[in-house]
Amino acid sequence: MHTREKLYQCPECPKSFSRKSYVTEHLRIHTGEKPYQCSECQRRFYIKQSLFRHAIIHSREKPYQCSECQKNFKRNFLLTAHLRIHTGEKPYQCSECQQRFRTKQSLSRHAVSHTGEKPYQCSECQKCFSEKRSLTLHTRTHTGEKPYQCSECQKYFRDQSGLIQHTRTHTGEKPFQCSECQKCFSGKSRLTKHTRIHTGEKPYQCSECQKCFSEKGTLIQHTRTHTGEKPYQCSECQKYFSTQSSLGQHTRTHARKKPYQCSECQKCFSGKKSFTQHTRTHTG
């Protein structure tokens with residue numbers, strides 16, 4: 001096999017290329033030039049091939065099909081990664097802890113957990129993240145941007161995984177099964193949380209009082225009992241709350257909504273907690 005001699009060097013960095021056109025494309029990384037623009041969303045790209053790959057996102061075409069479950073994919077590399085769910089193959093291993101991963105991206109994201117490095121900072125609240133993707137998703141909590149839309153009910157979501165999990169409420173699909181009790185779940189994160197019921201694992205610890213929790217969200221809510229933080233504000237009366245569920249229950253007092261009805265006596269309640277307490281008066 002013949003290898004081309006790399007005669008063309010980048011004037012900005014030591015990298016060399018076998019063709020002059022490759023240098024031209026590479027130089028755009030240094031200059032920031034992105035001459036190829038998507039006509040659908042106006043996103044720009046360094047090279048034409050990247051634009052072609054991106055364009056598939058906008059089309060409904062999914063030419064790559066899984067031979068095991070008939071699921072279709074827009075790109076071949078997504079099918080390859082998906083097939084490993086069926087085969088159990090995890091070719092990428094962490095050199096620090098030997099944990100294995102199905103995709104190279106998953107390994108790269110995991111590797112940062114060993115370094116503790118968080119180079120991406122939110123310009124709004126100064127919170128730092130280990131991945132650029134995590135920062136992008138976080139930023140949407142400030143901007144309110146929800147670019148992913150459900151084709152069934154037109155509901156919008158901040159990230160693609162949220163949309164995928166939501167779509168299963170329409171299809172009824174629950175591909176993640178608990179090995180202990182065979183209960184099935186629509187999302188992997190929900191299965192992980194459920195599994196802790198069996199294992200008793202509580203991996204999230206409060207740095208103030210050392211109390212442990214099975215879910216990160218519960219720890220965040222608990223931490224507010226120490227800090228006094230109440231990030232959720234009522235748009236009607238400007239009252240603040242420490243959790244979104246507390247705000248939701250409070251909001252109903254303005255709207256006079258009572259969505260929880262007792263099947264025994266038809267009494268209605270604005271909050272799930274008060275409804276649950278009431279139902280016990282019937283069951284004893």
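Residues numbered from 1 in each chain as written. Predicted model: local features only at pLDDT ≥ 70, side-chain atom pairs only at ≥ 80, totals over all residues. Heavy atoms only, no water.

1. Side note on the overall build of the protein
Reasoning step 1: In terms of helices and strands, the protein carries 10 helices and 20 strands.
Reasoning step 2: Expected size for 284 residues packed as a compact globule is a radius of gyration near 19 Å; at 25 Å, the protein overshoots this value by more than 25%.
Reasoning step 3: In terms of principal-axis extent, the alpha carbons of the protein reach across some 85 × 45 × 45 Å.
Reasoning step 4: Partitioning the intrachain contacts of the protein with sequence separation of at least 6 by distance along the chain shows that 2% fall at a separation of at least 24. (Helix = DSSP H or I, 4+ residues; strand = E, 2+ residues; numbered from the N terminus. Rg over C-alpha atoms; globule rule 2.2 N^0.38 Å. Contact = heavy atoms within 4.5 Å.)

2. What about the side chain of Arg-84?
Reasoning step 1: Considering the arrangement of structural elements, one finds Arg-84 in helix α3 (residues 76–87).
Reasoning step 2: Leaving out residues up to four positions away in the same chain, Arg-84 has contacts with Glu-89, Pro-91, Tyr-92, Arg-102 and Thr-103.

3. Brief notes about the environment of Arg-109
Reasoning step 1: Assignment of secondary structure puts Arg-109 in helix α4 (residues 104–115).
Reasoning step 2: On the accessibility criterion, Arg-109 (29% relative accessible area) is partly exposed.
Reasoning step 3: Placed 76 residues apart in sequence, Arg-109 and Phe-185 show a C-alpha to C-alpha distance of 25 Å.
Reasoning step 4: The contacts of Arg-109, once residues within four sequence positions are left out, are Glu-131 and Arg-133. (Buried < 20%, exposed > 50% of the residue type's maximum accessible area, 1.4 Å probe, protein only.)

4. Observations concerning the packing of aromatic side chains
Reasoning step 1: All chains considered together, the criterion is met by 2 aromatic pairs.
Reasoning step 2: Ring plane angle 25° and centroid distance 6.0 Å describe the contact between Tyr-260 and Phe-275, whose orientation is recorded as stacked. Taken together, the positions of Tyr-260 in strand β19 (residues 260–261) and Phe-275 in helix α10 (residues 272–283) put the pair 15 residues apart, joining distant regions of the chain.
Reasoning step 3: Ring centres of Phe-269 and Phe-275 lie 6.3 Å apart, and the angle between their planes is 55°; on these two criteria the pair is classed as tilted.
Reasoning step 4: Its end group placed over the ring of Tyr-46, Lys-34 keeps NZ or CZ at 5.1 Å from the ring centre. (Phe/Tyr/Trp six-rings, centres within 6.5 Å; stacked < 30°, edge-to-face > 60°. Lys NZ or Arg CZ within 6 Å of the ring centre and 35° of its normal.)

5. What about the environment of Gln-149?
Reasoning step 1: The topology assignment puts Gln-149 in strand β11 (residues 148–149).
Reasoning step 2: For the pair Gln-149 and Arg-280, spaced 131 residues apart in sequence, the C-alpha to C-alpha distance is 40 Å.
Reasoning step 3: In terms of polar contacts, Gln-149 uses its side chain to reach the side chain of Tyr-156, at 3.0 Å. (Polar contact = N/O pair within 3.5 Å; in protein donor to acceptor, adjacent residues only side chain to side chain.)

6. Some details on the environment of Lys-6
Reasoning step 1: Checked against the element boundaries, Lys-6 lands in the segment before β1 (8–9).
Reasoning step 2: Lys-6 gets classed as exposed once you look at its relative accessible area, which sits at 58%.
Reasoning step 3: Put simply, Lys-6 and His-166 are 160 residues apart on the chain and 49 Å apart in space, counted from C-alpha to C-alpha.
Reasoning step 4: In this structure Lys-6 touches Ser-16, Phe-17 and Ser-18, once residues within four positions along its chain are discounted.

7. Notes on unusual backbone geometry
The phi angle of most residues is negative, glycine excepted, and most peptide bonds adopt the trans form.
Reasoning step 1: Even without being a glycine, Gln-126 presents a positive backbone phi close to 65°.
Reasoning step 2: Its place among the elements puts Gln-126 in the loop between β9 (120–121) and β10 (128–129).
Reasoning step 3: The exposure class assigned to Gln-126 is partly exposed, which follows from its relative accessible area of 45%.
Reasoning step 4: The phi dihedral of Gln-210 falls on the positive side, at around 65°, and the residue is not glycine.
Reasoning step 5: By the element assignment, Gln-210 lies in the loop between β15 (204–205) and β16 (212–213).

8. Description of the pattern of salt bridges
Reasoning step 1: Within this structure, the stated rule accounts for 7 salt bridges.
Reasoning step 2: Glu-89 is the salt-bridge partner of Arg-84, the closest N and O atoms lying 3.7 Å from each other.
Reasoning step 3: The buried category is assigned to Arg-84, whose relative accessible area is 14%.
Reasoning step 4: On the basis of relative accessible area, Glu-89 is assigned to the partly exposed category, the value being 42%.
Reasoning step 5: Notably, a salt bridge pairs Glu-201 with Arg-196, separated by 3.7 Å at the nearest N-O pair.
Reasoning step 6: What makes Glu-201 partly exposed here is its relative accessible area of 40%. (Salt bridge = Lys/Arg side-chain N within 4 Å of Asp/Glu carboxyl O.)

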